[in-house]
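Reading the structure
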Amino acid sequence: MPSLTRSEALTRAARIAVDSMEVDLDLDRGPQHFGSRTTIRFTCREPGAETFVDLRAHEVHALSLNGTDVDPASVTDGRLALTGLAQTNVLEVDATMAYSHDGQGLHRSTDPADGEDYVYGHLFLDAAPTVFACFDQPDLKAPYTLTVTAPTAWTVLGNGAATLLAPGRTALATTQPLASYFVTVCAGPWASVRAEHDGIPLGIHARRSLEPHLRDQAQQMIDVTAACFDEYHRLFGIRYPFGEYHQVFVPEFNAGAMENPGCVTFRDQMIFRGAATPDQVFQRSNTIAHEMAHMWFGDLVTMRWWDDLWLNESFAEYMAYRVTSAVGGFDEPWVEFGVMRKLWGYAAERAPSTHPVAGSPAPDALSALGNFDGISYAKGASVLRQLIAHIGDDAFVAGVGEYLRSHAFGNGELAEFIVAIEGAAGRSLTAWSAAWLQTAGADRIGLEGDVLTRVAPEAHPADRAHTLDVAAFVGGREVARVELVVDGERTPVPGLADVPAGALIVPNASDLTWAEVALDAATIDGLPGNLADVPDASARSVLWVSLLGSVARGEVDPRTVLSVFVAAWPREDSAAVLSRVSLLMTNQVVPLFLPPGEQEGARARVADAADALLERSASVAGASGDALAVLAARVWARTGVDEDRLRRWAAGDGIPEVLVGDDDFRWSVLRRLATFGVLGDDEIAAAEAADRSLAGSLAALGVRAVRPTAQAKEWAWGRLRDDADLSNYAALAIAGGFWTAPDAALVRPYVAQVGDLLVGLSGRMGDDAVSRVVSAMHPTSLVEDGTLEASAAMLARADLTPGVRRALVDANHELREALASRRRFD
Ligand SMILES: [Zn+2]
């Protein structure tokens, strides 16, 4: 099915305007299909002209344009040509649509905990025509009026306030003008917590089987929502314009969340059913703040086309961290940004798929999906921080307000944004925008004595000025901090010559700029003994991020980072640093960068570090001690080699008190046992019987897939290849365990067949879902030349969708980085 091209969208938007959308959905027709009637009223600026409407139905029953019937068979490739248009037109469509199981379109699933069904709409990026007929592009906005028939026990939520017309029949209030990809309906026997803030009705909803956890956690989310509303109102001077504000935690959601105006959807693992560490609670709060920022950036003013998606995502990313910092109650949000988000972004910048923040390539809608990446989020937000350092915060806030007001309920693009900011700043931003927004690449910043060096990447030359600071630490003391603007290739740092020998010197210590930081050799040598004593969490995060980046670039031996980890990680305080650094150690540094013969030994050293943190946690009182214990125990469960102790932990013996009864933790211990091949089928079945939840059934799939036997791998492969009803989450759970094998010979025979498997999956699942499976199913963990050859053969195929190709390019790059490091350091 052809994806809408940018030029088709331009032509269509020049020709028509959509006046109103009326959609009537019938969700009470069983588990496979739903009814969809649409009435579109639209104006044509060139009467007599033609255009087309998007419609991807299971079956079209009736079509009419301006009262004249149109043959349903004339819908081809998801499009219906509309000819002989009048100035004002009415299109009526009656169709049956199919529910999805891949998180795209109208997703329907059954909760294994109680057999209840739930439906949610995720119409991003191009799935709206699978739910109703529409002109599916971001700049043809219209007010939507939805009416929904559903089983009488269900609650129906959507973008407009719901009114029950009769049992099983709900009207959703007419919305402000919305882009088609923002429309949603969430229906099912939801558990709900409702509140109100500043005249805005609030609702938080989740599956009924999650109700106790929802009730425990709702107040924290309501408090964050309320505080963020106040802060956004203060910053923008524009009130939230979409009526009620519902936050619905839905099952099997691909992304983190989606900013549907008035009815935001979130992945429902964010309703924690076990222990949650401060970084997890922060991440959920930050996601709440991010989606709220979108109510202005994205929803009120929408990018004209997908190549400006940074206007949505970079802003929402930046604003969420700014606002969570401003409302307080969290442990240094910008540190979390550095270690979680910028690490992701720097990896994206190293890959061949990197692109400028603005004007990311999107010749058609579907190819835009790949640009929802570390560049559009983490780099974009970092670039906005540099913009603020460059022009001042008052000018930034004033310019942003002007941009929002002048494009409200419409669309905007880069040039219009720059004009608004230039107006407020009173100066030209042409050169700044060209260097930072319109050129890809990260500069490399390092030190030669007391001179800071800046080198632009050869592939993406630009003259980027950086506002940053350099700090030096000796023992637990900060001995120097110098703020400067780096606008040449060599910039002297006053005062650095006086810093004593043995100091850790940290360029970009406050993490304000976007650059690869190359640490000097003396600082790297000093990290094992001194990193944990650096009193500034931001500087520690920059040191970790630099070190891990240097390993990925093949500049530092992965054994060095293992030594730093063993010495410094157990003494770390930041939950974000503890969590992210340990995840990269266990999922990347050890399995990809160390030779196979050293990996189990390295895991044992990581487990010892986890034990050291566990011991330390016992001496820390209260919630802080609990958080350290949870972080430590989770790492030990992934890396421990003592089978007896794992068995005791699986039975709940000897685990930290805060993890007693935590099903997710028990599954992680079982998974480790399964990798040793010591977990029987009966034990997995018993664990599954004891945890009938969706999370339990997915964890069981993963545990079955990691078992190191030919039968287990054959089973996992067969499910991915043959199971036509496999949901997006089930596929990901199986794929995530498949390549785990103590002996590569067990899985090596599958390497050459991965391309066929993935192409088969992409015939059954949308790109948003399947691209995540691609990342898991690419055989990156077999770091061998043969894998690289197989990966290249996959990339050479002509039958890849844009999402599959993009995920393969990135996985291929990760494999290349690991191979290059192995060649140098093995
Ligand atoms: Zn977003």
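Scroll up a little and you will see the structure.
Read on for a plain summary of the structure. (Residues numbered from 1 in each chain as written. Predicted model: local features only at pLDDT ≥ 70, side-chain atom pairs only at ≥ 80, totals over all residues. Heavy atoms only, no water.)

**Points about the overall build of the protein**
If you tally the helices and strands in the protein, you get 25 helices and 28 strands. Here the C-alpha atoms of the protein give a radius of gyration of 27 Å, agreeing with the 28 Å that 2.2 N^0.38 yields for 826 residues. Looking at the 826 residues of the protein, the share that counts as buried comes to 60%. Within the protein, residue pairs in contact and separated by at least 24 positions form 71% of the contacts whose partners lie at least 6 positions apart. Once the 68 positive and 109 negative side-chain charges of the protein are each reduced to a mean point, those two points are 2 Å apart. (Helix = DSSP H or I, 4+ residues; strand = E, 2+ residues; numbered from the N terminus. Rg over C-alpha atoms; globule rule 2.2 N^0.38 Å. Buried < 20%, exposed > 50% of the residue type's maximum accessible area, 1.4 Å probe, protein only. Contact = heavy atoms within 4.5 Å. Lys, Arg positive; Asp, Glu negative; His and termini not counted. Charge placed at Lys NZ, Arg CZ, Asp CG, Glu CD.)

**Some remarks on the sheet that holds strand 22 (residues 443-448)**
Taken in spatial order, the 4 strands line up as 26-23-22-28 in an open sheet, and their pairing is mixed. Every other strand in the sheet has two partners, leaving strand 26 (490-492) and strand 28 (515-517) as the edge strands with one partner each. On average, each strand axis in the sheet is tilted by 25° relative to the strand beside it, whichever way the strands run. One ladder, built from 5 bridges, connects strand 22 with strand 23 (residues 451-455); its direction is antiparallel. Among the inter-strand pairings, I445 is bridged to a residue of strand 23, identified as R454. (Pairing = 2+ DSSP bridges. Axes fitted to C-alpha atoms, helices over the stretch in contact; angles between N-to-C directions.)

**Comments concerning the environment of G374**
For G374, the position within the fold is in the loop between helix 5 (333-350) and helix 6 (375-391). For the pair G374 and N812, spaced 438 residues apart in sequence, the C-alpha separation works out to 17 Å. Aside from chain neighbours lying at most four places away, what touches G374 is W344, G345, A348 and K379.

**Focus: empty space enclosed by the protein**
Per the counting criterion, the structure on display carries 6 cavities of 30 Å³ or more. Approximately 140 Å³ is the volume attributed to the largest cavity. Taken together, 16 residues form the lining of the largest cavity, with Y346, A515, V517, V545 and S546 sitting closest to its centre. Breaking the lining of the largest cavity down by element, the ones donating at least two residues are helix 5, strand 28 and helix 11 (537-552). Split by residue class, the lining of the largest cavity holds 6 nonpolar, 5 polar and 5 charged. Taken as a whole, the second largest cavity encloses approximately 50 Å³ of empty space. In terms of lining, the second largest cavity is formed by Q104, F124, L125, D126, L366, L369, D767 and D768. (1 Å grid on protein atoms, 1.4 Å probe; cavity = no way out; pocket = protein on both sides within 12 Å on 5 of 7 lines; lining within 4 Å. Points joined across faces, edges and corners; volume = space filled by probe spheres on them. Nonpolar A, V, L, I, M, F, W, Y, C, P; charged D, E, K, R; others polar.)

**Some words on the environment of A807**
Inspection of the secondary structure assignment puts A807 in helix 25 (residues 802-825). Sequence separation between A807 and M258 is 549 residues, and the spatial gap between their C-alpha atoms is 21 Å. Not counting the four nearest positions on each side in its chain, A807 is found in contact with S771, V774 and S775.

**Looking at the packing of helix 12 (residues 558-568) against helix 13 (residues 575-593)**
With their axes 11 Å apart at the nearest point, helix 12 and helix 13 run at an angle of 150° to one another. Comparing the axis directions of helix 12 and helix 13 gives the class roughly antiparallel. For the pair helix 12 and helix 13, the sense of crossing is left-handed. Across from P558, V561, L562 and F565 in helix 12, the residues of helix 13 making contact are V581, S582, M585, V589 and F593. Looking at side-chain class alone, the contact of helix 12 with helix 13 contains 8 nonpolar, 1 polar and no charged residues. (Parallel < 35°, antiparallel > 145°, perpendicular 65-115°, else oblique. Left-handed = near helix turned anticlockwise from the far one by under 90°.)

**A few points about the nonpolar core**
Judged by nonpolar contacts, the single largest core of 206 residues is most densely connected at L27, W296 and F396. Broken down by element, the residue count for this core peaks at 11 residues, all from helix 13. Those residues in contact with F396 that sit more than four places away from it in its chain are F315, Y318, M319, R322, L384, L387, I388, I391 and I421. Counting residues in hydrophobic clusters, the runner-up holds 64 residues, among them A9, F52, F182 and V250. (Core = buried A, V, L, I, M, F, W, Y, C linked by side-chain atoms within 4.5 Å.)

**Things to note about the pattern of salt bridges**
Throughout the structure, instances matching the rule amount to 57 salt bridges. Here R12 and D54 are joined by a salt bridge, their closest N and O atoms 2.9 Å apart. Placement of R12 in helix 1 (residues 6-15) and of D54 in strand 3 (residues 51-54) is noted, with a sequence separation of 42 residues between them. D54 gets classed as buried once you look at its relative accessible area, which sits at 8%. When the shortest N-O distance is used, the salt bridge between R553 and E555 registers 3.2 Å. What makes R553 partly exposed here is its relative accessible area of 21%. (Salt bridge = Lys/Arg side-chain N within 4 Å of Asp/Glu carboxyl O.)

These results come straight from atomic positions and should not be treated as a statement about function.
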